[in-house]
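Chain residues, written in single-letter form:
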Amino acid sequence: MKVLIINPNSDVKMTKAIDESARNFVKDRFILESISLEDSPAFVGSYEDIAMVGKGLIECIKKNQDKYDAFIIACHLDPNLDAAKEVSNKLVIGIGEASMKIASLLGKNFSVIGSSNKTTHLKKELVAKNGLKKYLKSVRTPDEGLENSTLEEKLIFAAKKAIEEDKAEILVLGCAGFAGIDKTIEKIVKVKVLDGIVCALMIAEGMVNYQN
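All of these numbers come straight from a predicted model, not from anything done at the bench.

Colleague: Can you help me understand the sheet that holds strand 2 (residues 31-36) in this one?
Modeller: To summarise the sheet geometry, strands pair through backbone hydrogen bonds and adopt either a parallel or an antiparallel arrangement. The parallel open sheet is built from 4 strands, whose spatial order is 2-1-3-4. Here the strands that pair on one side only, and so sit at the sheet edges, are strand 2 and strand 4 (91-94). Neighbour-to-neighbour, the strand axes of this sheet turn through a mean angle of 20 degrees, independent of strand direction. Here strand 1 (residues 2-7) runs beside strand 2; their pairing, made up of 6 bridges, is parallel. Looking across to strand 2, one finds that isoleucine 6 is bridged to isoleucine 35. Here helix 2 (residues 47-63) sits on the sheet in contact with strand 1, strand 2, strand 3 (70-73) and strand 4, set at roughly 165 degrees to strand 1. Where helix 8 (residues 196-211) meets the sheet, it contacts strand 1, strand 2, strand 3 and strand 4, and its direction lies at approximately 160 degrees from that of strand 4.

Structural data, given as structure tokens:
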């Protein structure tokens, strides 16, 4: 079994973090590769960004059809996921849909911990598109005034607000760049925290094995 993780932005550092988190989960159970789309924006956080990554993403999937058993789009906004599924004869999974659908199976509700207030409306649209509005408690992002804090500290602060103020039962990390931080946050806030990369890999592994 071979899986290709596609980071639809051009941030190589983020891709390395995604790959490390994925390999920690996969171990040696199957072959895993992670790539960035070089001609894409450094971050996908708007309708324009989503449109800009479309061509490169579709071309990447088309040319790799015969090399992999599944593709994972490593952006929590699931950019161009429908088009990717349309052109592929293999399994294509977005980390947004994977993490939120699994969250809906684990508790009565969930909150998404995003990276920026600018993407909150896009997160909510994705929740609605996946038919999960009744499960969503909130979309939280790190508040201003935490500039000197680490990423983990910012996410923990937002996570605590989602739990204490919004009564979220499950937390979904709403950015591929948060890969590998789930267990650290989980130990502190004491509720289940989902890494979208891991969720997508779980589904990919199960479905490919089921089909074979």
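There's plenty left to go through after this.
Colleague: I tried to follow the layout of surface pockets on my own but got confused; where do I start?
Modeller: For the largest pocket, the calculated volume is near 260 Å³. Lining of the largest pocket is provided by 18 residues; of these, Ser21, Asp182, Lys183, Asp195 and Val198 occupy positions nearest its centre. Of all the secondary-structure elements, those providing two or more residues to the lining of the largest pocket are helix 1 (12-26), helix 4 (95-106), helix 7 (182-189), strand 8 (192-194) and helix 8. Examining the composition of the lining of the largest pocket, we find that 5 residues originate from one element, helix 1, more than from any other. Its residues placed into classes, the lining of the largest pocket shows 10 nonpolar, 3 polar and 5 charged. Ile35, Ser36, Leu37, Glu38, Asp39, Ser40, Met52, Val53, Gly56, Glu59, Cys60 and Lys63 together form the lining of the second largest pocket.

Rules and cut-offs
Residues numbered from 1 in each chain as written. Predicted model: local features only at pLDDT ≥ 70, side-chain atom pairs only at ≥ 80, totals over all residues. Heavy atoms only, no water. Pairing = 2+ DSSP bridges. Helix = DSSP H or I, 4+ residues; strand = E, 2+ residues; numbered from the N terminus. Axes fitted to C-alpha atoms, helices over the stretch in contact; angles between N-to-C directions. Contact = heavy atoms within 4.5 Å. 1 Å grid on protein atoms, 1.4 Å probe; cavity = no way out; pocket = protein on both sides within 12 Å on 5 of 7 lines; lining within 4 Å. Points joined across faces, edges and corners; volume = space filled by probe spheres on them. Nonpolar A, V, L, I, M, F, W, Y, C, P; charged D, E, K, R; others polar.

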